[in-house]
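So you can see what is in the structure, the chains are spelled out below.
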Amino acid sequence: MGRRRKRNRDGRKHILRQFNESSNKQAFESELKRDEFDREQQIHLQNIVERKKDILSRTVFVGSVLGSLRTIETRDALKRFMLQKYGPVQNVTARKGGGKHPMGVVTFNFKSDAEQVFDGLSLLEASKERKQIKVPCSVGFRGVITVRPAVDYKGIYNDDTSTSFIQVNTKGLTLGHWYPQGSDACNDIQGLESIACDLPNTWIQEGKDTSNVKPIMKIDVRNAVVELDVTHCVNDPLDSLTLLVMTMMARSFTEKRTIISFRFKDLTHPMKLCHNNGRYYLLFELRHPPRLAFVTINTETDFETRCRLTGLDELPELGNCLGYRLETDKVEIQRLMEAQAFEKLKRMGLCNYEFDLFESEDVQLDYVRNKKIDVNDYVAKLSSQRMSFLICSILDANSCSWFDMVDDKVMDQDIISLVKNGDSKRNERVRPMKCQIVCLLLMQFTKQPLEYRRRHQILNEMREMHGKTRYPAQMFYALYGAEADSDEVTLVVPQFCVSLPRILITPLQIRATALEVEMSNRIVRKFIERHSFSNEAFIRVSIGDENTDNLYSHDLSQQVEMRIKGLVLNGIRIGKKKYYFLAYSSSQLKEQALWMVSPEHGWTVKKMRESMGDFSMCKSPSKYAARIGQCFSTTLDATSSRTRSDEESLLNWTKTRLGLTGRSTPRVNDALPDIVSTNGMEHSDGVGLISRSFMDTILQQLPFNPNPHDISAVQIRYGGAKGVLVAWDFSKLKNRKCIGYDVCLRPSMVKFNAPYDNIEIVTIARRIPYYLNRNVILLGQHHKIPARTFIDLQEHHIHSLNRMLCDASFALKFLYQLNGPDNALMNTLHHMLCVGMEPQEDPFLYSCLHCIRSHHLMNLRKKARIYVERGAVLIGGIDELGLIPENCCFIQVSTPDQVSNKDDYKPITGKVMVTKHPVMHPGDMRMLTAVDIPELRGHKNKGIRPEADKMSGSDLDGDQFAITWDSRLFLKINVEPMDFTPAKAPDKNNNINDESLLDHFINHARSSNLGRISMLWIDYATIKEDAGCSECLELAKLASLAVDFPKSGIPAVLPKELVLAQSIPRAHWRELKGRPSFHCTSAVGMLYDQVVNEMNSTRIMPKLGSNAMGGRYRDTNGQILFIGDKHHIFQSKKCLFSPVLAGCLGWKCDDFDAKLLDFANHQRFLYDSQLIELMNQYKIKSEGEVVTGCILKYHKLHKRRRHDIAEEIRRQFRSIRRQFRHEFLLAVYHILHNHLQYFEDDDGLVEEDVPDEELDLIETAATATTVDTREVSQRAKQTAGRVAAAYYVATYSPSTHDDESKIVLFSFPWVIAADVMA
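Analysis parameters
- Starting afresh in each chain, residues are numbered from 1 along the sequence in its written order.
- At least 70 in pLDDT is required for a residue's local features to be given in this predicted model, at least 80 for side-chain atom pairs to be given and counted, and no such filter applies to totals for whole chains, interfaces and linings, which use all residues.
- Working from all heavy atoms in the structure, the side-chain values ignore hydrogens and water.
- Note on pairing: two strands pair once DSSP finds at least 2 bridges between them.
- Numbering of helices and strands runs from the N terminus, with a helix taken as a DSSP run of H or I at least four residues long and a strand as a DSSP run of E at least two residues long.
- For helices, the fitted axis covers only the stretch in contact; all axes are lines through C-alpha atoms, and the angles between them, taken along N-to-C directions, range from 0 to 180 degrees.
- What a helix is expected to span follows from its residue count: subtract one and scale by 1.5 Å.
- Remark: exposure states derive from per-residue accessible area (1.4 Å probe, protein chains only) relative to the maximum for the residue type, with buried under 20%, exposed over 50%, and partly exposed in between.
- Residues count as neighbours in contact if any of their non-hydrogen atoms are within 4.5 Å of one another.
- Two rings from Phe, Tyr or Trp (for Trp, the six-membered ring) form a pair when their centres are within 6.5 Å of each other. A pair whose planes differ by under 30 degrees is stacked, one over 60 is edge-to-face, and the rest are tilted.
- Any cysteine sulfur atom paired with another within 2.5 Å is treated as part of a disulfide.
- When an angle is under 35 degrees it counts as roughly parallel; over 145 it counts as roughly antiparallel; between 65 and 115 it counts as roughly perpendicular; any other value is oblique.
- Handedness of a crossing is defined here by the sense of rotation of the near helix relative to the far one, left-handed for an anticlockwise turn of less than a right angle and right-handed for a clockwise turn.
- By the convention adopted, Pro, Cys, Tyr, Trp, Phe, Met, Ile, Leu, Val and Ala count as nonpolar, Lys, Arg, Asp and Glu as charged, and the other residues, Gly among them, as polar.
- For this analysis, a salt bridge means a side-chain nitrogen from Lys or Arg found within 4 Å of a carboxyl oxygen belonging to Asp or Glu.
- Think of pLDDT as the predictor's per-residue confidence, scored from 0 to 100.

## Brief notes about the sheet that holds strand β11 (residues 225-229)
Two orientations exist for strands paired in a sheet by backbone hydrogen bonds: parallel and antiparallel.
Right, so step 1: Overall, antiparallel pairing links the 6 strands, which are arranged β7-β10-β11-β12-β15-β16 in an open sheet. At either margin of the open sheet sits one strand with a lone partner, and together these are β7 (165-169) and β16 (303-308). Each neighbouring strand pair of the sheet contributes to a mean axis angle of 30°, computed without reference to strand direction.
Right, so step 2: Where β7 lies against strand β10 (residues 216-220), 5 bridges are found, and the strand directions are antiparallel. The residue bridging Val168 from the neighbouring strand is Met217, located in β10.

In structure tokens:
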């Protein structure tokens, strides 16, 4: 059914759009300033690192010196000896923290003199070899001193510490809220500018008076960190037992501190010096709560132990109030001015003006007069839990304070009342809900009223706005009355996805972060669709630091652990609902996330778990968590997944959901024997069978419409089974046990007993491009693959990426190989390139290709991901016919440069190199022989082999294997594989409850060190120049243990002898800021240098005024933003707009075209709004990023789930495209049927049922590449071209450009109608 609401366009002011643009502009300008500051800080730190390297290259440590080096006489004697024997000495000191007999630190004037000590060997090389020599010396103990290279700069490097640290003595600390003059977000809303501008510089104190807390502010300019030392102002925050443990760790510590710390970039505004009644204050505000820690320091060894705290009794508002007011006096300020301390703060971005006693700004001091409210009771007044969550997220995002939310009113109504009573205030705009209740199952699909969706959108805008406001009710009222268009507030949730609340638990705060759209899972679908749970019954909880980073082992102190367990076990209340711990999946365990639920309709957590299956065979918390987590894998329901598209199909849809259509349930055999070798190895571990006909049936249910001809295997979850189902013609199999069944499962697939309800698809078997990585390159060098091979491969990759930006025909071929964009975008770019459009001439095409290039260059730099043209990543299967010889495999893939069809598939024959990522053992890379077996040619984009266990202990339950038939990457021999025998399971624990499950969760967060092991493996492979060294082999075993940790519960404990000290230099391509490094000359080092030079090159970058830029800005990383200079945007559109193209599409500039243009302008505005909303949700800065899904920089909250987030962005963008594509086809339909009132300027509502078949016929005719002589088809094609022309004119024509807008997007006509315009 097509339905749309008419708009009144007679001068209504688009307040919401102005607010969005202003907020986005402020956010981007702030981000650009922050990027510039980060770049300057990085240069500053790099200069420090270079100076450190220079000093280290001239410094040695001297031991066994007779006498104390703390005396001048001993130092002078040592200096004279070193001068006579080697050369001029710059300085001789005693090493700091050396106890009673510290080592001597000798710094020569010249590197050549220092190198004489080690017979011409540089100190860096001597340090890597851990050399230590004995030198006869008169001042040595027993006539000999020991000399070794300085392995670190601790205790020897002094960068004028008196100026690198700034100390500010204060007379009091008060927590509250700071409102700088002119910073209120209402400045961006027409009609509210006056009240926002009149707001003076204001400080509002919240909570009890804490002025008796007088911290010492210590500003570390070098590391951009601020610490507030409150040790002498607070009681001991630790219990006696914890303090005793820390004392033992620090051994004989002589100093303890309680520290509040944050980084410069955490400030929302630069610090400001203010005064009030002769008293002076430093005011600042943070973006999120600071870190709170108890620190013990051993002054002899400088050994420091930090214990994270969850609060201080003296500062109860520390986690809730982000404003800080530090009182000081004239004497202290004058001292800082004389020391030019404020000049350093200005250079580091802590202030952007001169501090002056006589020019300090006046500040109005106030305090919260209202009694502290319970936010949950406050938002519980709302009937909608989703609205309650949005209000909480506004408060937690510091977009508004709770007392302003209570005090600010419009017509005696605060924002809660306005949100609650929004419908009654504008009854004339409310549309009655059209309901057809067939059964309780359909409740979730009932359309929500327009006003509900509109209020939801406005609250979401307020949550994401840049800055905060003191007038939330007035802001909501102004935005609510700005526009009332149903199209504007359509909430797009893609099929198979669900919008769920997300919260973050930190050591100091519980933060409602967002409502995120993500793929659903079995349990969420089951209870929402079948048991009528609301979406808000489930929440996804993340555990993290205040800045959303992961909590690491050193952060998980006893206090933090008790806080997390207490909150999760006792439940978390949001509004009217209280959420209880439910479960977590294996992927969530790695992300430090879990599911909580507020059961509805009489359900309890216990009953919900019991309904998932029988887990009685699980005797340990780790195994129980892994098995129940299987139900929470993100999947697509393939057997009953279709959603209702319109009211006409409601009955059929209901019958399908209730199983009344006559379609039988899949016939399942779950006792198909595993294939076991004579030595007990299971060759069929995790792989089952599915009939070819039934595979075709379930593939038709998937939303991305895969071609069944191309798919031979799917990774599934089915009841209690998991693994891969491979499509076979059961009539041709020797195994007669498959006859009469649709699905055959093996015992190795069934992990627990559960009803076989719906088959759920995790992924389908498709060819994925093969990219090398650093591990493969390092192991390849161990296998004697020349470094030149990898350099040639990367040179070809970079050359192709550069050529793609200049050569349209090459870009058309190369894009299919990279597999970066999805099919919808691929078709769009394909049509644009096919019609002859050049990347350097169109801003949208260039944005997409530039983003893809930048994404690949970044991956080359960070991971050495080099594209291998003759390679593929495939899901593994097993030969059910038994035709493949030993040490052989069958591989059939499509050619990468054409759209897949039957004739594109060719079996690979000959030698192939096969491995599985991550690869850490030389035996993980195997040479096999690919054979062509005619009976297996029906299997596409899949490898069939019996070699899985030899590569990282893999099985066939969905593991992907990297295969290459490029002879340059072949190995000479196969190395004996590592023994991947699983770790022995821990003692059985029948007491499995919530507490034991959370203990496993926290233990995993504390002990999981797979990432650390992987980086140590890389470091040893680089330092030892051999990936097969004993240390790497031992780390490979530990990595295997760490991979199994989530299921086994056995952590991989790193031996101390394998841990590399931070002082040991790492390879320069590790990019470790402020740490010693050396220039690595291995293949990885040369590849890194090559790609860095390419990224720094600007030879193929267009100038700002070029057509490709479209007037848009670049950020410091060269990424093209979606904001630009107003003048340049207008001038670019004058050059870009092609009247010839518009004319070819049927543009006539008559009265009807004016109506079409009005319609197109409105559609473009809605499209741009949704696209910008998506970009804001995930903090994306470029149109090319969100369209291609090639995200260059993820927000911190999303870094843990990069792959999932990229997929979610692609899904949401596809949903936006489908929505506006449908509107496009509806417009063509109404023109063809003379429904011109569809484009009239009135406020009526036009509703008419439009069968999907009609729209499909229109789409086929409009996009046909051959000439159709039928009049109906020709008319449909011409009409579609005319509407597409209107879309093009609305986007590119300078006459439709808003002169006041800095936001510019060019994707609208191409994403919606590129195939029509081609």
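Structure shown, so let's carry the discussion forward.
## Structural notes on helix α25 (residues 787-804)
Right, so step 1: Between its terminal C-alpha atoms α25 stretches 26 Å, which fits the 26 Å expected from 18 residues at 1.5 Å a residue.
Right, so step 2: The complete set of buried residues in α25 reads Ala787, Thr789, Phe790, Ile791, Leu793, Gln794, His797, Ile798, Ser800, Leu801, Asn802 and Met804.
Right, so step 3: Residues of α25 that are buried in the fold lie against β33 (768-771), α24 (774-782), α26 (808-818), α28 (843-863), β34 (867-877) and α33 (1083-1096).

## A word on unusual backbone geometry
Right, so step 1: The omega torsion across His917 and Pro918 is 0°, close enough to zero to call that bond cis.
Right, so step 2: In this structure, Pro918 sits in the loop between β37 (910-915) and β38 (926-930).
Right, so step 3: One non-glycine residue, Asn398, lies in the positive phi region at around 60°.
Right, so step 4: Take Asn398: it is sitting in the loop between α11 (385-396) and α12 (402-407).
Right, so step 5: Overall, the relative accessible area of 15% leaves Asn398 in the buried class.
Right, so step 6: For Asp412, which is not glycine, the phi dihedral falls at a positive 60°.

## Comments concerning the pairing of β10
Right, so step 1: Two elements, β10 and β11, share 5 bridges in a ladder whose sense is antiparallel. When the bridges of β11 are listed, Met217 appears paired with Leu228.
Right, so step 2: If you look at the hairpin formed by β10 and β11, you'll find 4 residues sitting between the two strands, and Ala224 has a positive phi there, around 55°.

## Here we look at the packing of aromatic side chains
Right, so step 1: One pass over the structure, following the stated rule, counts 26 aromatic pairs.
Right, so step 2: Where Tyr1288 meets Tyr1292, the ring centres are 4.9 Å apart and the plane angle is 20°; that geometry is what we call stacked. Taken together, the residues Tyr1288 and Tyr1292, both in helix α40 (residues 1271-1292) and 4 residues apart, mark about one turn of the helix. Of the two residues, Tyr1288 and Tyr1292, neither departs from the other in class, the shared state being buried.

## A look at helix α41 (residues 1308-1317)
Right, so step 1: α41 sits mainly inside the fold: 10 of its 10 residues count as buried.
Right, so step 2: Of all the residues in α41, the buried ones are Phe1308, Pro1309, Trp1310, Val1311, Ile1312, Ala1313, Ala1314, Asp1315, Val1316 and Met1317.

## Digging into the environment of Arg865
Right, so step 1: Mapped onto the elements, Arg865 comes out in the loop between α28 and β34.
Right, so step 2: Overall, the relative accessible area of 29% leaves Arg865 in the partly exposed class.
Right, so step 3: Sequence separation between Arg865 and Asn773 is 92 residues, and the spatial gap between their C-alpha atoms is 4.8 Å.
Right, so step 4: Apart from the residues lying within four places of it in its own chain, the contact partners of Arg865 are Tyr771, Leu772, His797, Asn859 and Leu860.

## Description of the state of the cysteines
Right, so step 1: Scanning all chains against the criterion turns up 0 disulfides.
Right, so step 2: A disulfide-free cysteine, Cys851 has its sulfur positioned 5.5 Å from the sulfur of Cys1190, the nearest such atom.
Right, so step 3: By relative accessible area, Cys851 is classed as buried at 0%.

## Observations concerning the packing of helix α30 (residues 1010-1023) against helix α31 (residues 1030-1043)
Right, so step 1: α31 packs onto α30 with a crossing angle of 165° between their chain directions and a minimal axis gap of 9 Å. Taken together, the axis directions place α30 and α31 in an arrangement best described as roughly antiparallel. Crossing of α30 over α31 shows left-handed handedness. Across from Leu1010, Ile1013, Leu1016, Trp1017, Tyr1020 and Ala1021 in α30, the residues of α31 making contact are Glu1031, Cys1032, Leu1035, Ala1036, Leu1038, Ala1039, Ala1042 and Val1043.
Right, so step 2: Considering only residue class, the contact of α30 with α31 consists of 13 nonpolar, no polar and 1 charged.

## What about the side chain of Arg609?
Right, so step 1: Of note, Arg609 is situated in helix α20 (residues 605-612).
Right, so step 2: On the basis of relative accessibility, which here comes to 12%, the residue Arg609 falls in the buried class.
Right, so step 3: With sequence-adjacent residues up to four places away left out, Arg609 is seen in contact with Phe581, Leu582, Phe615, Tyr624, Ile628 and Asp994.

## Thoughts on the pattern of salt bridges
Right, so step 1: Within the structure shown, the criterion is met by 45 salt bridges.
Right, so step 2: Between Lys468 and Glu285 there is a salt bridge, and its shortest N-O distance comes to 2.5 Å. With Lys468 in the loop between α15 (450-464) and α16 (472-480) and Glu285 in strand β14 (residues 279-285), this pair connects stretches of sequence that are 183 residues apart.
Right, so step 3: Taking relative accessible area as the criterion, Glu285 reaches 2% and is therefore assigned buried.
Right, so step 4: For Glu1071, the salt bridge is made with Lys862, and the minimal N-O distance between the two is 2.9 Å. Of this pair, Glu1071 sits in the loop between β41 (1066-1067) and β42 (1077-1078) while Lys862 sits in helix α28, and the two are 209 residues apart along the sequence.
Right, so step 5: Overall, the relative accessible area of 27% leaves Glu1071 in the partly exposed class.
Right, so step 6: Taken together, the salt bridges that share partners define one network made up of Arg502, Glu516, Glu518, Arg540 and Glu591.

## As for the confidence of the model for the protein
Right, so step 1: Of the residues in the protein, 80% reach a pLDDT of 70 or more, and the chain-wide mean stands at 79.
Right, so step 2: Within the model, the stretch residues 1-16 combines pLDDT values under 50 with 67 contacts to residues more than four positions away or in other chains.
Right, so step 3: Low pLDDT, under 50, characterises residues 641-664; the predicted model gives this stretch 42 contacts beyond four residues in sequence or across chains.

## Topic: the packing of α26 against α28
Right, so step 1: Orientation of α26 relative to α28, taken along the N-to-C sense of each, is 45°, at an axis distance of 13 Å. In terms of their interaxial angle, α26 and α28 are classed as oblique. Handedness of the α26/α28 crossing: left-handed. Of α28, the residues touching α26 (which contributes Ala811, Leu815 and Leu818) are Leu849, Ile852 and His856.

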